[in-house]
Amino acid sequence: STERGSALDTTQQLSSIQQEQSTGKLILGYWNIRGASRGNPARYLLSYAKADWEDKQYTFGQQEWSQAKPTLMPFANLPHIIDGNFKVTETIAVH
């Protein structure tokens, strides 16, 4: 019973933290490369879940990514997902 109460408390705390961190639209960042479908699994899942999200695409070879990279998170890379203060990068973690 004590373990169950503890688990419920932890779940409530996590829910509270997630609500504080979420500021609206989730952002999926990936390259805008014609014919590249590597970002599509994440796009499909977000669409299927009817999530409120933005598809941020960076043009390969342009300075946009190199300028944005240091402002997003330490060790930023593509793809990435940003949801408020929650930030994750790399294909395996995103998909």
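Throughout what follows, the structure given in this document is the object of discussion. Predicted, not measured: the structure shown is a model, and the values here were computed from it.

### A short note on the nonpolar core
Grouped together as the largest cluster of nonpolar side chains are eight residues: Y58, W65, A68, L72, M73, A76, L78 and I82. In terms of residue count, helix 3 (residues 63-72) provides more of this core than any other element does, three residues in total. In contact with L72, not counting residues within four places along its chain, are Y58, W65, H80, I82 and K87. Residues L26, A42, W53 and I81 belong to the second largest nonpolar core, which totals seven residues.

### Some details on the side chain of T89
Within the element layout of this structure, T89 appears in strand 4 (residues 86-89). Given the relative accessible area of 17%, T89 is considered buried. Here N77 takes part through its backbone oxygen, which lies 2.8 Å from a polar atom of the side chain of T89. From its side chain, T89 meets the backbone oxygen of P79 in a polar contact 3.1 Å long. Other than its neighbours up to four places away in sequence, T89 contacts M73, F75, A76, N77, L78, P79, H80 and V94.

### Quick look at the packing of aromatic side chains
By the definition in use, this model includes three aromatic pairs. A centroid spacing of 5.0 Å and a plane angle of 65° characterise the contact between Y58 and W65, whose relative ring orientation is edge-to-face. Like Y58, the residue W65 is buried in the burial classification. Cluster of aromatic residues (ring-pair linked, three or more members): W31, Y58, F60 and W65.

### Points about the pairing of strand 4
Relative to strand 4, strand 3 (residues 80-83) is paired through four bridges, and the arrangement is antiparallel. Bridging from a neighbouring strand, H80 pairs with T89 of strand 4. Remark: two residues form the turn of the hairpin made by strand 3 and strand 4, two consecutive strands paired antiparallel; G84 in that turn has positive phi of roughly 65°.

### With respect to the pairing of strand 1 (residues 26-31)
With six bridges joining them, strand 1 and strand 2 (residues 53-58) adopt parallel strand pairing. Opposite G29, over in strand 2, you have K56 as the bridge partner. Examined bridge by bridge, strand 1 and strand 3 share three bridges and lie antiparallel to one another. Paired with G29 across the bridge in strand 3 is H80.

The rules we used
Residues numbered from 1 in each chain as written. Predicted model: local features only at pLDDT ≥ 70, side-chain atom pairs only at ≥ 80, totals over all residues. Heavy atoms only, no water. Core = buried A, V, L, I, M, F, W, Y, C linked by side-chain atoms within 4.5 Å. Buried < 20%, exposed > 50% of the residue type's maximum accessible area, 1.4 Å probe, protein only. Helix = DSSP H or I, 4+ residues; strand = E, 2+ residues; numbered from the N terminus. Contact = heavy atoms within 4.5 Å. Polar contact = N/O pair within 3.5 Å; in protein donor to acceptor, adjacent residues only side chain to side chain. Phe/Tyr/Trp six-rings, centres within 6.5 Å; stacked < 30°, edge-to-face > 60°. Pairing = 2+ DSSP bridges.

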